[in-house]
Each structure stands twice: as C-alpha cells, then as structure tokens.
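Here's the letter readout for the chains.
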2 protein chains.
Amino acid sequence: MYFSESEENYIKEIYHIQAVQGTVSTNALAGALGARAASVTEMLKKLQKKKLINYKPYKNFSLTELGNRIALEVVRKHRLWEYFLVHKLGFSWHEVHDIAEEMEHVSSRELIQRLDHYLGSPAFDPHGDPIPDKNGKLKAVKQNRLTDVPLRKWVIVNALKEQGGNMHQLLKHYDIHIGTRLKVNKRFDFDSSLEIKMDKLPPAIISGEVAKNIYCTI
Amino acid sequence: MYFSESEENYIKEIYHIQAVQGTVSTNALAGALGARAASVTEMLKKLQKKKLINYKPYKNFSLTELGNRIALEVVRKHRLWEYFLVHKLGFSWHEVHDIAEEMEHVSSRELIQRLDHYLGSPAFDPHGDPIPDKNGKLKAVKQNRLTDVPLRKWVIVNALKEQGGNMHQLLKHYDIHIGTRLKVNKRFDFDSSLEIKMDKLPPAIISGEVAKNIYCTI
DNA sequence: GAATATTTTTAGGTAAACCTAAATTTTATT
DNA sequence: AATAAAATTTAGGTTTACCTAAAAATATTC
Ligand SMILES: [Mn+2]
Ligand SMILES: [Mn+2]
Ligand SMILES: [Mn+2]
Ligand SMILES: [Mn+2]
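Counting starts from 1 at the beginning of each chain's written sequence and moves along it residue by residue. Chain A is the first chain written and ligand 1 is the first ligand written, with later ones labelled in order. Side-chain atom pairs in this predicted model are given and counted only at pLDDT of 80 or more, local residue features only at pLDDT of at least 70, and totals for whole chains, interfaces and linings cover all residues. Water and hydrogen atoms were dropped before computing side-chain values, which therefore reflect all heavy atoms in the structure.

Trainee: Can you help me understand the coordination of the manganese ion (ligand 1) in this one?
Mentor: Ideal values differ by geometry: the angle at a metal is 109.5 degrees with four tetrahedral donors, but 90 or 180 degrees with six octahedral donors. All names here are of chain A. At this site the manganese ion (ligand 1) is bound by Asn9 (OD1), Glu101 (O), Glu101 (OE), Glu104 (OE) and His105 (NE2), with donor distances of 2.0 to 2.4 Å. Coordination of the manganese ion (ligand 1) draws on donor residues from a single chain, spaced N-x91-E-x2-E-H in sequence. Residue exposure (1.4 Å probe, protein chains only): buried if accessible area is under 20% of the type maximum, exposed if over 50%, otherwise partly exposed. Using a relative accessible area of 0% as the deciding quantity, one classes Glu104 as buried. The donor set comprises N, O and S atoms within 2.8 Å of the metal, extended to 3.2 Å for Na, K and Ca; water molecules are omitted, so apparent gaps in a site may simply reflect that omission.

This is the structure we're talking about:
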C-alpha cells in the first residue's frame, strides 16, 4: 500500500503526540504539523479510510495496529538517516532533523535495510532517541528530564531535544553532550535554573529553559 | 528559488533529451516522462515563466542558462546518490536508478557538498556517466557505442545504459562491466550481432540489442 | 498548393493537500 | 440547566500536477 509524503508525516506526528500526551486531538496535531484544523480533519478521514487510525468525529483518535507499524517505519527511516548524516557525513546533531524530514520519505525498503547494515544497526539516533529495528522494536532507555532528576545523584546525559533556537551553542559552551556525566546540586525555584556539576569542571548554572531539553539515565 | 519535484524532473529530462537529440519537442518530453503532451505544455509555460526554458508555442524549446545550471545540479545529485548506493551500500549498478530518482530531490545543498566529499568527489557514476562538479563541470569522456567501434581494435567499456529489462544478467553472464577490455572481431549485418573477444576468454557472440547499450573508449 | 497527417495547444475535469469562514458539537462555567 | 467558550467539522476556495477530447498550428504527401 502506498502512502504519500503528507500521509507519512501525519502518521508519524500522531505517533509522537500519542507517545508523549497519551492522546491525540485535531488541534494538537494541527499545531505539531503547522497546519490548520480543517486540513487535519480532512486528512483524518483519509487515514481512517486507509485503516491507519481509529477516528470518530469530534473525538480524539489513535493509531491502529497498522498505523503504528507504518509510523515506526517512518521513524526508523528518519533516525537512521540522522545517524548517517552525523556519523558518516559529519553534520552536527542539531543540523540533521530537517534533512531527515525529507529523506525519511524515500520509499525503498531495500535501501533502509542496507543503510541500517552499513551503519552497524545503531540503536540510538544522534539526539539519543531509539531507532526502531526492522520489526519496529525499540531499545527502551528511560529518558529522565534533567529538571526532575534527584539532587546530588550522578547521571548520564542520554538525549537532547532540539527546540528551534540555537540551544546547541549553549550546550557546546557548557560542553554538554550525549554521554556527559553530571549531577544536579541545587534547583532554584525562582527561575527554575539549576546548578550542575560535571567532572573536572567547576559548578555551573544552567537555565530551566535548557535543562528542560536535556534528558538522562539515573 | 524553489523548484518542485516535478519541475526538477522536467528540467532534468529536457537536459538529457537536449544532450542526445540536440533539440526537444513536447512529444519527446512527454514520452520520456510518461506524461501526456497536454500536461507537458502546461508545465512548459510554468518553466518559461520561471525563466528555465526558451519556449514559443508550437516550437521546440531549450534550457536557458539558468535551466541548464539547475539541470546539472539535479544530475549531480542523482549520480552522487547512485555512486553512494553502489559503492557504500553495495547495490548493483542496475538497481540504483529508481532510488536515485527519489533521492535527487532532497533539497539541502550542504548535504550534497558533504556527500560529494565523503565519496571522494567521484567523476563518474556507476553507469559510467560523468558527475557534474559543484560548478556544473563535467569530465568529458567520449562514450562510443560498441556497435560503431572499429573492428579488431581493443577498447575499454566505459558506460552501460540500463534499458528496463534485465540486461544486467546477460552482462554478468558475459562478465562485461565498466573497465572490461575487449575488441569487436566481426559484425553480422543480418541480425546486427557482434563477435567480441575479451582477455583470457574465447570469442563470444552478443546481440545488437545488448551491444547498443555498451559504450567504450577507443 | 491543396489535402491529409502529425504535433501541439486549449478547454474543461479530477485528485491531493492545503486554506478561510461559518456551522456544529463538545466542554466548561455560571 | 442554560449559556458561553473552545474544539472540531463542513462548505466553499486555491494551487499543483495530472488527465481526455477537441481545436488549432505545423509538416508531409500527393
Ligand atoms: Mn517528513
Ligand atoms: Mn532525532
Ligand atoms: Mn526524480
Ligand atoms: Mn546513472
């Protein structure tokens, strides 16, 4: 069965929202895709006809088993290409999302099979997100928000979320990247900033803004 | 300036037809693209408005300087991806065209820059066709049709054209590939087959059908 | 050079993916 | 429970890229 680029983007986005919010609404999806609610409604009907989502008018919706499988395939393609861009072409992690957003729609299954093998079947993309394997299985690693981590406990950064701006400059300045070991010494409620401590470096203050996008293993 | 996937395909195809026929007509383009003449006319008007082609109704048309530049960029992307698919992912030369047909439309310039560097700035794609460099320059190597080559003269295969079917099986059977040294002993006008001689192999007969798609340096 | 054939364009449609504005349904508030 | 607010859908457009069938222009043939 053929799915258009738009259909793939919708399915993938439903998958992501479902993963973090548990439930998906027309407006949430419209927001995530930068589209208007009316456009989303139209597409929802199309996706339902293709048996990719469970949808009743005016109600929240969810992916069907099939929809989930397709979503995982697109996510797999996206993350494998991101891995390729960073580890083979030398891009930095914050530059690859938009390119992968296009490459994820190249349709050849054989291509992805071979790409995966060529990259050594990586389990995580450059942002620390798990790459679904051929069967859609994800290596489950808990991503704990740095803002919620217990005080004075050493943790390891395992994921960084891109948020539009150029947060990566800041992270580079602090020398925080995936694999960095650090602990949170204090949390300042006033501006929700944190004092963190990294090996061989004096304690540093980071804003809640940044901390929100840093995840780690406890 | 943005060009859609369709616009890129049209421009590239005009470039190819121009290269072999010298001149491009609505019907020729429609045939090459698998579209109807009416659709082509419509697109021609769009391409003219974008100053990519020189076009007068009912007349043959040609690429403008800008059109040529864009065409070369798409050709460059196509052939670099083909090279990647064969030399990095292990595809065989006859499997890569359709995949590259999709990948050539990924828009990032930086991506192609880096891909080129990663591949070692190759000058020829897996079919033996030259890859335009960043400035659109092509390494000119004369591709002589094996059917036209002088008799009893050793030549080297430098290009193989894919023609839908599975000619590659035949070529593999004869062990003919890019780089193969051979000479044409005889030409049989009756069915336009050729007797060829390769190093360390007894003479063999190949059909005109196949020979037409083999090119070499004299 | 007129008649015929071929090529190309125009006219009029369709489907996908978007949009705005208005109507409808659901949810929240008094 | 009635009303107000918010979310969602429907109605009616637009643009892109296709299509078929008919008309117009160009080329070929007698
Ligand atoms: Mn995408
Ligand atoms: Mn990622
Ligand atoms: Mn293409
Ligand atoms: Mn090629």
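Trainee: Would you mind going over the nonpolar core with me for this structure?
Mentor: Across soluble globular proteins, you tend to see nonpolar side chains buried next to one another. One finds Trp81, Phe84 and Leu111 of chain A together with Trp81, Phe84 and Leu111 of chain B to be the most contacted residues of the largest nonpolar core, which totals 36 residues. Contact definition: two residues touch when any of their heavy atoms are within 4.5 Å. When near neighbours in sequence (up to four residues on either side) are disregarded, Leu111 of chain A contacts Trp81 and Val106 of chain A together with Leu85, Leu89, Phe91, Ile99 and Met103 of chain B. Residues enter a nonpolar core if they are buried and are Ala, Val, Leu, Ile, Met, Phe, Trp, Tyr or Cys, with the set joined through side-chain atoms within 4.5 Å.

Trainee: I would appreciate a short explanation of helix H4 (residues 65-87) of chain B in the present structure.
Mentor: Since one α-helical turn is 3.6 residues long, residues separated by three or four positions face the same way. Elements are defined by DSSP. Helices are runs of H or I of four residues or more, strands are runs of E of two residues or more, and each kind is numbered from the N terminus. In this scheme, a helix's expected span is set at 1.5 Å multiplied by one less than its residue total. Spanning 23 residues, H4 of chain B covers 32 Å between terminal C-alpha atoms, matching the ideal 33 Å at 1.5 Å per step. The buried fraction of H4 of chain B is high, at 17 of 23 residues.

Trainee: Would you mind going over the interface of chain B and chain A with me for this structure?
Mentor: Listed as interface residues are 19 residues of chain B and, on the opposing side, 19 residues of chain A. By convention, the term buried area covers the 1.4 Å-probe accessible surface removed from two parts as they join, with the contributions of both added. Here chain B packs against chain A, burying approximately 1,700 Å² in sum over the two surfaces, 67% of which is carbon and sulfur. Broken down residue by residue, the surface that chain B buries against chain A is led by Leu89, Arg114 and Tyr118 of chain B, which jointly contribute 32%. Think of a salt bridge as a Lys or Arg side-chain nitrogen and an Asp or Glu carboxyl oxygen that are within 4 Å of each other. Where chain B packs against chain A, one counts zero salt bridges. Definition of a polar contact: a pair of N or O atoms within 3.5 Å, with one able to donate and the other able to accept a hydrogen when the atoms are protein atoms, and with sequence-neighbouring residues admitted only if both atoms are side-chain atoms. Inspection of the region where chain B meets chain A yields seven residue pairs in polar contact (both at pLDDT 80 or more). A total of five residues in the side of chain B that touches chain A trace back to one element, the largest contributor, which is helix H6 (residues 109-119) of chain B.

Trainee: Honestly, the pattern of salt bridges in this entry has me stumped. Any pointers?
Mentor: Close approach of charged atoms lets side chains of opposite charge pair. Residue and element names in this part refer to chain A. Summed over the entire model, instances satisfying the criterion amount to 22 salt bridges over all chains. With a shortest N-O distance of 3.1 Å, Lys50 and Glu7 are connected by a salt bridge. Within this pair, whereas Lys50 is found in the loop between helix H3 (37-49) and strand S1 (53-54), its partner Glu7 is found in helix H1 (residues 5-21), the two being separated by 43 residues in sequence. Here Lys212 and Glu209 are joined by a salt bridge, their closest N and O atoms 3.4 Å apart. Judged by relative accessible area, Lys212 falls into the partly exposed class, the value being 40%.

Trainee: How should the protein's contact with DNA strand D be read in this particular structure?
Mentor: If you check the shell around DNA strand D, you find 22 residues, and the closest are Thr41 and Tyr55 of chain A together with Ser4, Ser39 and Lys46 of chain B. The criterion for a residue being near a molecule or strand is simple. One of its heavy atoms has to lie within 4 Å of it. Each atom of DNA strand D within 4 Å of the protein was assigned to sugar, phosphate or base; sugar and phosphate come to 75%. Between a phosphate oxygen of DNA strand D and a main-chain N or O atom of Asn27 of chain A, the distance comes to 2.9 Å. The separation between a phosphate oxygen of DNA strand D and a polar side-chain atom of Ser4 of chain B is 2.4 Å. Of all the secondary structure elements, the ones that give two or more residues to the surface near DNA strand D are helix H2 (26-33) and H3 of chain A together with helix H1 (5-21) and helix H3 (37-49) of chain B. By the convention adopted, Pro, Cys, Tyr, Trp, Phe, Met, Ile, Leu, Val and Ala count as nonpolar, Lys, Arg, Asp and Glu as charged, and the other residues, Gly among them, as polar. For the surface near DNA strand D, the class distribution of residues is nine nonpolar, nine polar and four charged.

Trainee: Please clarify how the sheet that holds strand S7 (residues 204-206) of chain B should be interpreted in this entry.
Mentor: Each strand in a sheet pairs with another by means of backbone hydrogen bonds, the pair being arranged parallel or else antiparallel. Residue and element names in this part refer to chain B. Pairing between strands is defined by DSSP: at least two bridges between the two strands are required. Within the open sheet, the six strands sit side by side as S3-S8-S4-S5-S6-S7. Their pairing is antiparallel. The strands lining the two open edges of the sheet, one partner per strand, are strand S3 (144-145) and S7. Pairing between strand S5 (residues 181-188) and strand S6 (residues 193-198): six bridges, direction antiparallel. Note on S6: the bridge partner recorded for Phe188 is Ser193. Helix H7 (residues 167-174) contacts strand S4 (155-160), S6, S7 and strand S8 (214-217) of the sheet and is inclined by roughly 165 degrees relative to S7. Geometry is summarised by axes, namely lines fitted to C-alpha atoms with helices restricted to the contacting stretch, and by angles between N-to-C directions that run from 0 to 180 degrees.

Trainee: Before we go on, may I ask you to explain the packing of aromatic side chains in this structure?
Mentor: For any two aromatic rings, the description comes down to two numbers: the centre-to-centre distance and the angle of the planes. Between rings of Phe, Tyr and Trp, where Trp is taken as its six-membered ring, a pair exists when centres lie within 6.5 Å; planes separated by under 30 degrees are stacked, by over 60 edge-to-face, and by other angles tilted. Summed over all chains, the structure comprises eight aromatic pairs over all chains. Ring centres of Trp81 of chain A and Trp81 of chain B lie 6.4 Å apart, and the angle between their planes is 75 degrees; this geometry places the pair in the edge-to-face category. With Trp81 of chain A in helix H4 (residues 65-87) and Trp81 of chain B in helix H4, this residue pair bridges two chains. An angle of 75 degrees between the planes, with centres 6.2 Å apart, marks the rings of Tyr55 of chain B and Phe61 of chain B as edge-to-face. Of the aromatic side chains, those joined through ring pairs into one cluster are Trp81, Phe84 and Tyr118 of chain A together with Trp81, Phe84 and Tyr118 of chain B. Its guanidinium or amino end placed over the ring of Tyr215 of chain A, Lys161 of chain A lies 5.1 Å from that ring's centre, counting from NZ or CZ. Remark: a charge is flagged as sitting over a ring if the NZ atom of Lys or the CZ atom of Arg is within 6 Å of the ring centre and within 35 degrees of the ring normal. One residue, Arg181 of chain B, lies across the ring of Trp154 of chain B, its end atom 4.2 Å from the ring centre.

Trainee: I would appreciate a short explanation of the side chain of Lys12 of chain B in the present structure.
Mentor: Looking at the element boundaries, Lys12 of chain B is found in helix H1. Excluding anything up to four places from it in sequence, Lys12 of chain B contacts Val74, Val75, His78, Glu101 and Glu104 of chain B.

Trainee: Quick question: what am I supposed to make of the protein's contact with DNA strand C here?
Mentor: Around DNA strand C lies a shell of 21 residues, among which Ser4, Ser39 and Lys46 of chain A together with Thr41 and Tyr55 of chain B are the nearest. Of everything in DNA strand C that lies within 4 Å of the protein, sugar and phosphate atoms constitute 75%. With respect to DNA strand C, the side chain of Thr26 of chain B contributes an N or O atom lying 3.1 Å from a phosphate oxygen. Of all the secondary-structure elements, those providing two or more residues to the surface near DNA strand C are H1 and H3 of chain A together with helix H2 (26-33) and H3 of chain B. Per-class residue counts for the surface near DNA strand C are nine nonpolar, eight polar and four charged.

Trainee: Help me understand the coordination of the manganese ion (ligand 2) in this model?
Mentor: Residue and element names in this part refer to chain A. For the manganese ion (ligand 2), the protein coordination sphere consists of Glu82 (OE), Asp125 (OD) and His127 (ND1), at 2.1 to 2.4 Å. Each donor residue of the manganese ion (ligand 2) belongs to the same chain, with the gaps between them written as E-x42-D-x1-H. One end of the pair, Glu82, is in helix H4; the other, Asp125, is in the loop between helix H6 (109-119) and strand S3 (144-145), and 43 residues separate them in sequence. Accessibility classification places Glu82 together with Asp125 in one group, the buried group.

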